[in-house]
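Geometric and topological summary
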Protein chains: 2
Amino acid sequence: MTFTPTIRDVARKAEVGIGTVSRVLNNSPSVSEVTRQRVLDVIEELNFTPNPIARRLSSGTTHTVAIILPNLTSPSLVERLRGVQSALADSDYALVLYSAETTERLEELFNTIPNKANADGILIVSIPPTDEHLEHFSKSGVPIVLIDVKEPQLDHVFVDDTIGGEIATQHLIDLGHTNIAFISDPIDTLFSFGAMKNRLQGYKKALRKAGIKFNKGFHVEGLPQAEIVKNLTKDLLRTPNAPTAIFAASDAHAIGVIYAARELGIHIPKELSVIGFDDIRDAEYLNLTTVRQPLFESGHDGIDLLFSTMKQQNGNKPRSIKQDLEIIRRGTTATLQ
Amino acid sequence: MTFTPTIRDVARKAEVGIGTVSRVLNNSPSVSEVTRQRVLDVIEELNFTPNPIARRLSSGTTHTVAIILPNLTSPSLVERLRGVQSALADSDYALVLYSAETTERLEELFNTIPNKANADGILIVSIPPTDEHLEHFSKSGVPIVLIDVKEPQLDHVFVDDTIGGEIATQHLIDLGHTNIAFISDPIDTLFSFGAMKNRLQGYKKALRKAGIKFNKGFHVEGLPQAEIVKNLTKDLLRTPNAPTAIFAASDAHAIGVIYAARELGIHIPKELSVIGFDDIRDAEYLNLTTVRQPLFESGHDGIDLLFSTMKQQNGNKPRSIKQDLEIIRRGTTATLQ
DNA sequence: AGCACTTATGGAACCGGTTCCATAAAAGTT
DNA sequence: AACTTTTATGGAACCGGTTCCATAAGTGCT
């Protein structure tokens, strides 16, 4: 239907060899100015664009980065994806997106994507690989960077979630609170990632340091959907001796908490302090106090790490980038009345 | 470093021809059961996986769908992307993601991506192509589907934004409002897409029908970022004879409006009614009345349209899917006191 | 038995680039 | 002038699949 010229057509018309055309395409210095111009003219005339697939096959490089993330629902994941996308826009690498909504799909992706023929590099976000996966990854020979996972065997970008949990809780303690609840993702399910567990550890650690006894009933687990969290929080706030402060393990959880309080007519921050985690976009206009982690930047850093590994041929020892956490004080936390 | 077997290695080891191996790989019926099993055994033994790039080159198909969207910031775009991603997860097509944050980048993408060698099909979301683009698209011979753009020359999925604007405004009129403002993206910039313009038309139409004069000062333009819209809205609400109802052209705009009202101590919906557009995730927990458009579904429908076009070799006439709009009454609109 | 028709199979040619080796022409050296 | 070195260039071989044509073996029919 449409005629697509090849490098051979260009060569014929410009009366040069195919090697010369290829050299012009790749800016090889060993082409005379006259020839180069002639070839360029023909390329222009035929409206020729090199077939990327043929290029990939012969050069053995895909010019592609794959990213695997658990879903596109969580704002924090989307924010990381934005960072990756933005870092990649300057390069001429394409981004192939895979979302692993189920365990089976994840298994499938982990088994098929890491393959030199598929991508030159892979980013895996917020999914801790098993030892089996790690072995397979290493066999594949494809550079892989983990984001939001601390795994010493691979390059990774991470934050210290234990400290994050600790400073969040400490912030509430500093405000005079002692009845502090913690709402997080279900911990200890297959899909749950270490971050939640570590934030819980930090929470417990801060309590311990302050001499506050950990109250099992004050740890509530549920997926970060407003409706779910809202109901869990309502139950929690209706108990006698309800908490005066809540540490939400993500801003998404915090949103549910805020709406629960609103529906119960409980004033934030006068009657209830709430601190979140992430500092997603919504946090700002919700005026939510939170522990900020650099989401967008994590995408950038991941690409940096990946590219630097892709450039050096042989695998050096894994590197890691630790990102800083910071409390952003806004309007949802206040001293205990 | 890592030995990657090819189809020829498999052929040698199984003592068959390469053609036979290829036939086994592609489930061709004309391979005897004995041979098939022998080949499969060797494939297993060598841990052979066919190189997708080689396959693409020789078969002339990329097994890839590209999606081009204006950004990953807008929740409605992300929701559409989710729909696409989900529809694609069942197929064995990979999704390549391009975000066109600037006009130059968009131009670059529109010129390079539509190429048979790049993708078997392309989805373009919320970006109206120019006539030049359309011509180039058609020359490329790649099936293209537009989402959220009404363009008769191409397959597309769309909603009637004029009607959307009309029913939103009518809803406010029905509640007794006559001082109704409209907040939207800047209209008539290069990047703005027709949707906003049409919602404005619908807004005007509803006013006209109700015999309300269009007040230029009541049409406010700004990008849908909470901070920007908040300030614009504050200015608007401080004017004498301020509106008693606001039609926000997107839920993202509506969020800014809600926060402006909150800061000014204006009660929603008692003193101010607000209706949004889109029904993004946040709308539910903000209890925002809005015009729902099927965002996630638009991604699904786009893929359906694309696949059906990809299957039939020759371009029939462009088809379109019109999605329905629906008012979701929640808590931010009420009768005029 | 002889002939036509299936059924399996091998492998060359091909997809459209890149790379590398061979070679011709130009420039530099003594 | 003879020889070495450098610079440009052509094109075969290659990347790893798919496709198609040729051919061998098997089956059925008269």
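Rules and cut-offs
- Residues numbered from 1 in each chain as written.
- Chains lettered and ligands numbered in written order.
- Predicted model: local features only at pLDDT ≥ 70, side-chain atom pairs only at ≥ 80, totals over all residues.
- Heavy atoms only, no water.
- Near = heavy atom within 4 Å.
- Polar contact = N/O pair within 3.5 Å; in protein donor to acceptor, adjacent residues only side chain to side chain.
- Helix = DSSP H or I, 4+ residues; strand = E, 2+ residues; numbered from the N terminus.
- Nonpolar A, V, L, I, M, F, W, Y, C, P; charged D, E, K, R; others polar.
- Domains from an automatic or database assignment.
- Contact = heavy atoms within 4.5 Å.
- Buried area = accessible area lost by both parts, 1.4 Å probe.
- Salt bridge = Lys/Arg side-chain N within 4 Å of Asp/Glu carboxyl O.
- Pairing = 2+ DSSP bridges.
- Axes fitted to C-alpha atoms, helices over the stretch in contact; angles between N-to-C directions.

Examining the protein's contact with DNA strand C
Around DNA strand C, 27 residues are found, and the nearest of them are Arg-8 and Ser-22 of chain A together with Gly-17, Thr-20 and Thr-35 of chain B. At 2.3 Å, a side-chain N or O of Thr-35 of chain B approaches a phosphate oxygen of DNA strand C. Listed by contribution, the elements that provide at least two residues to the surface near DNA strand C are helix H1 (7-14), helix H2 (18-25) and helix H4 (52-59) of chain A together with helix H2 (18-25) and helix H4 (52-59) of chain B. Split into classes, the residues belonging to the surface near DNA strand C amount to ten nonpolar, twelve polar and five charged.

Remarks on the domain arrangement of chain A
Splitting chain A by domain gives domain 1 (7-50), domain 2 (63-159 + 295-323) and domain 3 (161-294). Summarising the inter-unit geometry, the C-alpha centres of domain 1 of chain A and domain 3 of chain A are found 63 Å apart.

Quick look at the interface of chain A and chain B
In this complex, chain A contributes 39 residues to the contact, which on the side of chain B involves 39 residues. Roughly 3,500 Å² is buried in total at the junction of chain A and chain B, and carbon and sulfur atoms are behind 58% of that figure. Broken down residue by residue, the surface that chain A buries against chain B is led by Ile-53, Gln-85 and Tyr-285 of chain A, which jointly contribute 18%. The tally of links between chain A and chain B comes to zero salt bridges. At the junction of chain A and chain B, the tally comes to five residue pairs in polar contact (both at pLDDT 80 or more). When residues of the side of chain A that touches chain B are assigned to their parent elements, the largest contribution, six residues, is made by strand S2 (residues 94-99) of chain A. Residue composition of the side of chain A that touches chain B, grouped by class: 20 nonpolar, ten polar and nine charged. Pairing geometry for S2 of chain A and strand S2 (residues 94-99) of chain B, over three bridges, is antiparallel. Looking at S2 of chain B, one finds that Leu-95 of chain A is bridged to Leu-97 of chain B.

Thoughts on the protein's contact with DNA strand D
If you check the shell around DNA strand D, you find 27 residues, and the closest are Gly-17, Thr-20 and Thr-35 of chain A together with Arg-8 and Ser-22 of chain B. A breakdown of the atoms of DNA strand D within 4 Å of the protein gives sugar and phosphate a share of 56%. In this structure, a phosphate oxygen belonging to DNA strand D sits 2.9 Å away from a main-chain N or O atom of Ser-32 of chain A. Contact between DNA strand D and Asn-26 of chain B: a phosphate oxygen at 3.1 Å from a side-chain N or O atom of the residue. Among the secondary structure elements, those contributing two or more residues to the surface near DNA strand D are H2 and H4 of chain A together with helix H1 (7-14), H2 and H4 of chain B. Its residues assigned to classes, the surface near DNA strand D comprises ten nonpolar, twelve polar and five charged.

Describing the sheet that holds strand S1 (residues 64-69) of chain A
What holds strands together in a sheet is hydrogen bonding between their backbones, with the strands either parallel or antiparallel. With mixed pairing, twelve strands are arranged side by side in an open sheet as S11(A)-S5(A)-S4(A)-S3(A)-S1(A)-S2(A)-S2(B)-S1(B)-S3(B)-S4(B)-S5(B)-S11(B). Because the sheet does not close on itself, it has two edges, and the strands there are strand S11 (320-323) of chain A together with strand S11 (320-323) of chain B. Taken over all neighbouring pairs, the strand axes of this sheet differ in orientation by 20° on average, direction set aside. Sheet topology places strand S3 (residues 121-125) of chain B next to strand S4 (residues 144-147) of chain B; four bridges connect them, and they run parallel. The residue bridging Ile-122 of chain B from the neighbouring strand is Ile-144 of chain B, located in S4 of chain B.

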